[in-house]
Amino acid sequence: MKFGGTSVGKPERMHQVKDLITRDNQKKIVVLSALSGTTNALVGIGEALADADKELAKKRIDLLHAHYLIFYKDLLKSDSARKKAEKIIAEHFEFLNIILKISFNEAINRDILAQGELLSTKLFYTLLQELDIPAVFLPALDFMSIDENHEPELKKISEKVKSILKNYPEESIFVTQGYICKNHRNEVDNLKRGGSDYSASLIGAAINAEVVEIWTDIDGMHNNDPRIVDQTRPIAQLSFDEAAELAYFGAKILHPASIWPAQQYNIPVKLLNTMEPDAIGTTITAKEQGTGVKALAAKDGITAIKIKSSRMLLAYGFLRKVFEVFEKYKTSIDMITTSEVAVSVTIDDLSHLKEIIRELEAYGSVEVDQNQTIISIVGNLIAESKGSVAQIMNCLTDYPVRMVSYGGSRHNVSLLVDAQYKNAALQSLNSGLFEW
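In the nomenclature of an unreviewed UniProt entry, the protein corresponds to Aspartokinase from the organism Belliella pelovolcani. The UniProt entry for the protein carries the following comment under Sequence similarities (unreviewed entry): "Belongs to the aspartokinase family." According to the UniProt record, the Catalytic activity (unreviewed entry) comment for the protein is "L-aspartate + ATP = 4-phospho-L-aspartate + ADP".

Structural data, given as structure tokens:
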């Protein structure tokens, strides 16, 4: 059971989580994110230190500290529990203040980012102790690890966590952190933003869990972005492939990487609402149901790169050389289209854009369009359904489409549009593709 930042972001929400994990006697591992807003605050502290602005870093530390000093008093009632919480908070903010006095580096920054999950889980565990709810504190840093390529070491994770669980045969609740892990140098590291979902799925795979539950503040994955489109509805059932496409192409409710471990071990994933625990939510399994469009997702911050070369495009090895440039700079490609004289790709990581453009110019002229959005239309066998593409394109007659990706997946048709058309395009597709 994974609970996100909004699910633990207020004292009353933590109490709701406590109620949810004690509704039955099943054995469960409870994975918590940092309190909402904490990771952003910790990122800000790291950025200030990276800029050598220790005064700003100190202000940000003190501001975050003040928030926790209010939080624990509303969370806990007894003097003994409050004293434990005071000690926990003091230790973590003492660590952050010590960092102000030492030389900043990336390893220290990762240590800073880990404080949010460590604080949330320790405070939650203190709440369980205060209420005499039997539970075991299970530090993620004791078992969660990644290799030199930042890939989770699932076999090692499984061996370690199973070994720990054997020591507690009678216990049914285990509390651990999402997001954080150890790297191949045994340093504190993390699974990147949104990584608590990934943690939950990896732990589920490691122990061969009955189900992985992702608890958030909305009732499942919706068929469109409810922040942009008024009429959306949750989807009761998705296949792993459909959910992976939606997560990768912008559905914020689920971390893209979190599908893979559950899919590998065929463990159902449920997306549920902490505030409406009896809502059906979304269940993700290997089973594919129905055909046609199920949902839309949009991924912002996309850059399109076109390499045009009438001389080289048809030459043997040309595409390999183009892709090697992106591989060299560890920059993944989202979409690709080709013609006789050009190849267009999209990327969302601009860290090495200048170097990539410089090297691509050796093969032809290069055009770059920034501020683009990928709109992904997802459903079972959508690319094989008669008339599906015509129906999609009919919804977009008022908006220029820069690229179309069709046929690469049986479950997905993706379109690239300028970001300025995103909201209107999503609304038009919503009204044109879904019958109410």
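What follows picks up the thread again.
As a further point, take helix H4 (residues 54-75). Side chains of residues three or four places apart in an α-helix project in the same direction, reflecting 3.6 residues per turn. An ideal rise of 1.5 Å per residue puts 32 Å on 22 residues; H4 measures up with 31 Å between its terminal C-alpha atoms. Along H4, the residues that are buried comprise Ala57, Ile61, Leu64, Tyr68, Phe71, Tyr72 and Leu75. Seen from one end, H4 has its buried residues packed into an arc of 90°, which puts them on one side. Structural note: H4 exposes Glu55, Lys59, Leu63 and Ile70 on the side pointing more than 90 degrees away from its buried face. Along its buried surface, H4 packs onto helix H1 (5-8), helix H2 (11-21), helix H3 (38-50), helix H5 (79-99) and helix H6 (106-130).

The next point concerns the UniProt feature "binding site: ATP" (unreviewed entry) in the protein. UniProt tags Lys2, Phe3, Gly4, Gly5, Thr216, Asp217 and Arg227 as "binding site: ATP" (unreviewed entry). Over a stretch of 226 residues, the named residues are scattered through the fold, their C-alpha atoms separated by up to 23.1 Å. Structurally, the position occupied by Phe3 is in strand S1 (residues 2-3). For Phe3, a relative accessible area of 0% corresponds to the buried category.

Here we take up the pairing of strand S15 (residues 403-409). When S15 meets strand S16 (residues 412-418), the two strands line up antiparallel, connected through five bridges. The residue of S16 that forms the bridge with Ser405 is Ser414. Between S15 and S16, which pair antiparallel in sequence order, lie two residues.

What counts, and at which threshold
- Residues numbered from 1 in each chain as written.
- Predicted model: local features only at pLDDT ≥ 70, side-chain atom pairs only at ≥ 80, totals over all residues.
- Heavy atoms only, no water.
- UniProt positions renumbered as here; feature names shortened; annotations may be inferred.
- Helix = DSSP H or I, 4+ residues; strand = E, 2+ residues; numbered from the N terminus.
- Expected span 1.5 Å × (residues − 1).
- Buried < 20%, exposed > 50% of the residue type's maximum accessible area, 1.4 Å probe, protein only.
- Arc of directions from axis to C-beta.
- Contact = heavy atoms within 4.5 Å.
- Pairing = 2+ DSSP bridges.

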